[in-house]
Amino acid sequence: MLLYRIICRRRFCSRDLNIIFNHNLNDIKMGFDAMDCVTKRYHSSKVSRKPEVTTNDSYEKAITVLNNLLPNSAFLQNAITQQRSNESLNLEDTVKYLNRAGMTLKDLENLKFIHISGTKGKGSTCALVESILRNHGLRTGFYSSPHLISVTERIRLCGLPISKESFAKYFWTVYGKLKASALHDTDYPPYFKFLTIMCFYVFLYENIDVAIMEVGIGGQYDCTNIIPKTKTVGITSLGLEHTQILGNTIEEIAWQKAGIIKNQSDVFTVKQPNGCIDVIKRRAQEKSAKLFVVPDYDDYLWTREPNVESLKDIKAQQLNTSLAIQLAMNWMHHNLEIGMGNGNILQEDYKIVTKIPEKVVQGIEKCFWPGRCQLLQYQSMNFYLDGAHTSESIQVCSDWFMKCTKDNKPFNKRILIFNMTGPRQTSVMLKLLMDKIKFDFVFFVPNIASISNSSPDMIATDDQLERCKENERTWKELAENQNGRTKSTLIKVLPSILDALNYLEDNLLRIERKIDEKDIEIDILVTGSLHLVGACLMGLEEFDKIKS
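Residues numbered from 1 in each chain as written. Predicted model: local features only at pLDDT ≥ 70, side-chain atom pairs only at ≥ 80, totals over all residues. Heavy atoms only, no water.

Caption draft 1: Local environment of the overall build of the protein chain. The secondary structure content of the protein chain amounts to 20 helices and 16 strands. Counting only residues that meet the buried cut, the protein chain has 57% of its 548 residues in that class. Long-range contacts, defined here as pairs at least 24 residues apart, represent 79% of the contacts in the protein chain between residues at least 6 apart. Total accessible area computed for the protein chain in this model is approximately 23500 Å², and 48% of it derives from carbon and sulfur atoms. (Helix = DSSP H or I, 4+ residues; strand = E, 2+ residues; numbered from the N terminus. Buried < 20%, exposed > 50% of the residue type's maximum accessible area, 1.4 Å probe, protein only. Contact = heavy atoms within 4.5 Å. Areas by Shrake-Rupley, 256 points an atom, 1.4 Å probe, with all protein chains shown as cover.)

Have a look at this one:
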């Protein structure tokens, strides 16, 4: 299936969409290498009972039950309503449900974690760390959020999302334990917390070598922060986000993000905005932890520089890569055996690594993290996919789009497909896009592939279409202050990605071909939400099926 190949980086052929990844295709075989790693699993004694599942307990049924748990949006709204008064209870509840699922914090000490928080680039940094460590022969587990297409993407083993069969097996095992101990009908963890507990169960049972954990929101009170100890901690670039939950200043947000620092851990971060680094330093000192600010990308001495296009001109990706290198090297420093087979572990203090060996370079090159600065080409449409959803990441996204399209044909139309959910200041994001890029068409679309065929894995709320209409009004209000610069832009609210693609085909591409026999191309930026990017991938597949 095409979408499986896109998410898992499988090889595709001409019978599928004529999609070309802006990536080194010689490394697509990485997916098969990862599959070999997954199939060579061995069972651990760390979880006492082997998961059992009946034939009736399907993946589809599991997704229905999971989606009926309290969604993250409602959980966050509750936190806002309570004015952050019960933040610490989130960790207590997580431990409670962990115990009900048959695990303890002592069990989690059997796992060796790398824990990463931040505002921008958490997922990309985690993916790079995972790829580097896997390229060193380690059996990796990787927990991230959100997902693009399938919820199985959130829990990965050796670089690949767990299978639907494995997801169902583990889901029903954990859900059964929680159901047996529930005190009432609603005594279950919310959506994200349930998946966090489930990921711990999977990682323990699968006996992985290293668990890479991406924080959900914040850090101090995030449910991933029940991890009792980890030697290696990362904090990516910080900015204002979720201010109603994390605080109104950059310093308050830095305090929350640095809450994942553990006693005597090694903490790695990038150069931060004024005020952030002092907060991180204080929090590290409180835990007797060592703080490292990673080098600039240009300061590294490479055996050869990674052949990755985004590293040539995207500063944010260079920062993520530098951070990932130090996190991976630090973890190996503390956990891999050295010497002549004597089983000793290196005890000296870690020192920043600047000479980068070939295996690390290969790990960087093999990393594939779809939906982030990703280019897909389909017929005469160039899709620029990026799930940016903060003002800082939208700025990076718009810069990337402009650099990628500056040498394209001068008559190429520029299209924006946008959606944003949650309590975010959409006007700020839209103004950034409007100031940077002159769009010919702007479509506000819910995170829905098509009205007739929406995946149960895609979390959608009933008010998304109304939010799109609000975004349309915001765009028009902003345009009034642009001195006519955006007056010619066509703006529409459409119910799905498929509707947007059909509109472009019927009202732009077909008409342009009649007027001009030249090869007409359009550059389409899809941004504002990773769920929207996922819906775009699904909608594009359905569009292709209809056309063919």
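Moving on from the model shown.
Caption draft 2: Seen up close, the nonpolar core. Phe167, Phe171, Phe194, Met198, Phe200 and Phe203 are the most contacted members of the largest nonpolar core, which has 47 residues in total. Looking at this core, the elements with two or more residues in it are helix 3 (59-67), helix 5 (89-100), strand 3 (155-157), helix 8 (164-181), helix 9 (191-206) and strand 5 (210-214). The biggest single contributor to this core is helix 9, with 13 residues. Excluding its chain neighbours within four sequence positions, the residues that come into contact with Phe167 are Tyr59, Ala62, Ile63, Leu66, Val151, Thr152, Ile162, Leu195 and Met198. The next biggest cluster of nonpolar side chains, apart from the first, holds 37 residues, and it includes Ile114, Tyr297, Met329 and Ile356. (Core = buried A, V, L, I, M, F, W, Y, C linked by side-chain atoms within 4.5 Å.)

Caption draft 3: Spotlight on empty space enclosed by the protein. Overall, the coordinates contain three cavities of 30 Å³ or more when judged by the stated rule. Space inside the second largest cavity adds up to approximately 50 Å³. Classifying every residue of the lining of the second largest cavity by side-chain character gives four nonpolar, two polar and four charged. (1 Å grid on protein atoms, 1.4 Å probe; cavity = no way out; pocket = protein on both sides within 12 Å on 5 of 7 lines; lining within 4 Å. Points joined across faces, edges and corners; volume = space filled by probe spheres on them. Nonpolar A, V, L, I, M, F, W, Y, C, P; charged D, E, K, R; others polar.)

Caption draft 4: Molecular detail of the pairing of strand 6 (residues 232-235). The alternating pattern of strand 6 places Thr232 and Gly234 and Val233 and Ile235 on opposite faces, both of which are buried. Relative to strand 6, strand 1 (residues 113-117) runs parallel, the two sharing four bridges. Paired with Ser117 across the bridge in strand 6 is Ile235. For strand 6 and strand 7 (residues 266-269), the ladder comprises four bridges, and the chain directions are parallel. Bridging from a neighbouring strand, Thr232 pairs with Asp266 of strand 7. (Pairing = 2+ DSSP bridges.)

Caption draft 5: A look at the packing of aromatic side chains. Per the stated rule, a full pass over the model turns up 28 aromatic pairs. Look at Phe171 and Tyr175: their rings are 5.6 Å apart centre to centre, the planes differ by 10°, and that puts the pair in the stacked class. Here the residue Phe171 and the residue Tyr175 both occupy positions in helix 8, the gap between them amounting to four residues, near one helical turn. Classification of Tyr175 as buried rests on a relative accessible area of 14%. (Phe/Tyr/Trp six-rings, centres within 6.5 Å; stacked < 30°, edge-to-face > 60°.)

Caption draft 6: A look at helix 14 (residues 315-335). The end-to-end C-alpha distance of helix 14 is 31 Å, a good match for the 30 Å that 21 residues give at a rise of 1.5 Å each. Buried residues dominate helix 14, accounting for 18 of its 21 residues. (Expected span 1.5 Å × (residues − 1).)

Caption draft 7: Looking closely at the sheet that holds strand 8 (residues 290-293). Taken together, the eight strands give an open sheet; going across it, the order is 4-3-2-5-1-6-7-8, and neighbouring strands pair in mixed fashion. Of all the strands in the sheet, the pair left with one neighbour each is strand 4 (160-161) and strand 8. Along the sheet, helix 7 (residues 122-135) contacts strand 1, strand 2 (140-143) and strand 5; its crossing angle with strand 5, the most-contacted strand, is approximately 170°. Against the sheet, helix 12 (residues 276-286) makes contact with strand 6, strand 7 and strand 8, and its axis sits at roughly 150° relative to strand 8, the strand it touches most. (Axes fitted to C-alpha atoms, helices over the stretch in contact; angles between N-to-C directions.)

Caption draft 8: Representation of the pattern of salt bridges within the structure. For the structure shown, the criterion picks out 15 salt bridges. Between Asp93 and Lys96 there is a salt bridge, with its nearest N and O atoms 3.7 Å apart. Pair noted here: Asp93 and Lys96 are both in helix 5, with a separation of three residues, about one helical turn. Residue Asp93 is classed as partly exposed on the basis of its relative accessible area of 30%. Here Glu109 ties to Lys106 by a salt bridge, and the two come within 3.4 Å at their closest N and O atoms. A residue is classified by how much of its surface remains accessible, and Glu109, at 31% relative accessible area, is partly exposed. Here the residues in one salt-bridge network are Arg304, Glu358 and Glu365, joined through shared partners. (Salt bridge = Lys/Arg side-chain N within 4 Å of Asp/Glu carboxyl O.)

Caption draft 9: Examining the state of the cysteines more closely. This model, assessed by the stated rule, comprises zero disulfides. No disulfide involves Cys199; its sulfur sits 9.0 Å from the nearest other cysteine sulfur, which is in Cys223. Owing to a relative accessible area of 0%, Cys199 belongs among the buried residues under this scheme. We note that Cys373 lacks a disulfide partner, and the nearest cysteine sulfur, in Cys397, lies 6.5 Å from it. The partly exposed category is assigned to Cys373, whose relative accessible area is 24%. (Disulfide = S-S within 2.5 Å.)

Caption draft 10: Inspection of the UniProt feature "binding site: Mg(2+)" (unreviewed entry) in the protein chain at higher detail. Within the UniProt annotation, "binding site: Mg(2+)" (unreviewed entry) is assigned to Ser145, Glu214 and His242. With residues up to four places along the chain from it excluded, the contact list for Ser145 reads Arg154, Phe192, Glu214 and Gly216. (UniProt positions renumbered as here; feature names shortened; annotations may be inferred.)

Caption draft 11: How the structure looks around the UniProt feature "binding site: ATP" (unreviewed entry) in the protein chain. Summarizing the sequence annotation, UniProt attributes the feature "binding site: ATP" (unreviewed entry) to Arg372 and Asp386 in the numbering used throughout. As for the annotated residues, the ones lining the second largest cavity are Arg372. By the secondary structure assignment, Arg372 is in the loop between helix 15 (358-366) and strand 11 (374-378). Side-chain polar atoms of Arg372 contact the backbone oxygen of Pro370, separated by 2.7 Å. Relative to the elements of secondary structure, Asp386 occurs in strand 12 (residues 381-386). When neighbours within four sequence positions are excluded, Asp386 is seen to be in contact with Gly371, Arg372, Cys373, Cys397, Trp400, Val526, Thr527, Gly528 and Val533. (Polar contact = N/O pair within 3.5 Å; in protein donor to acceptor, adjacent residues only side chain to side chain.)

Caption draft 12: Layout of unusual backbone geometry. Of note, the bond from Ser145 into Pro146 is cis; its omega dihedral lies within 30 degrees of zero at -10°. Positionally, Pro146 belongs in the loop between strand 2 and strand 3. Positive phi, normally seen in glycine, also occurs at Cys158, with a value near 50°. Assignment of secondary structure puts Cys158 in the loop between strand 3 and strand 4. If you check the backbone angles, Gln264 has positive phi at about 60° while not being a glycine.

Caption draft 13: Expanded view of the sheet that holds strand 11. Across the sheet, six strands lie side by side as 11-12-16-13-14-15; this open sheet has mixed pairing. A single partner strand is all that each edge strand has here, and the edge strands are strand 11 and strand 15 (490-493). In this sheet, neighbouring strand axes are inclined to one another by 20° on average, regardless of whether the strands run parallel or antiparallel. With six bridges connecting them, strand 13 (residues 413-418) and strand 16 (residues 522-527) associate as parallel partners. Residue pairing across strands places Ile415 opposite Ile524, the latter belonging to strand 16. Packed on one face of the sheet, helix 16 (residues 391-405) meets strand 11, strand 12, strand 13 and strand 16 and runs near 165° to strand 16. Helix-sheet contacts for helix 18 (residues 464-479) involve strand 13, strand 14 (441-444) and strand 15, and the interaxial angle to strand 15 is about 160°.

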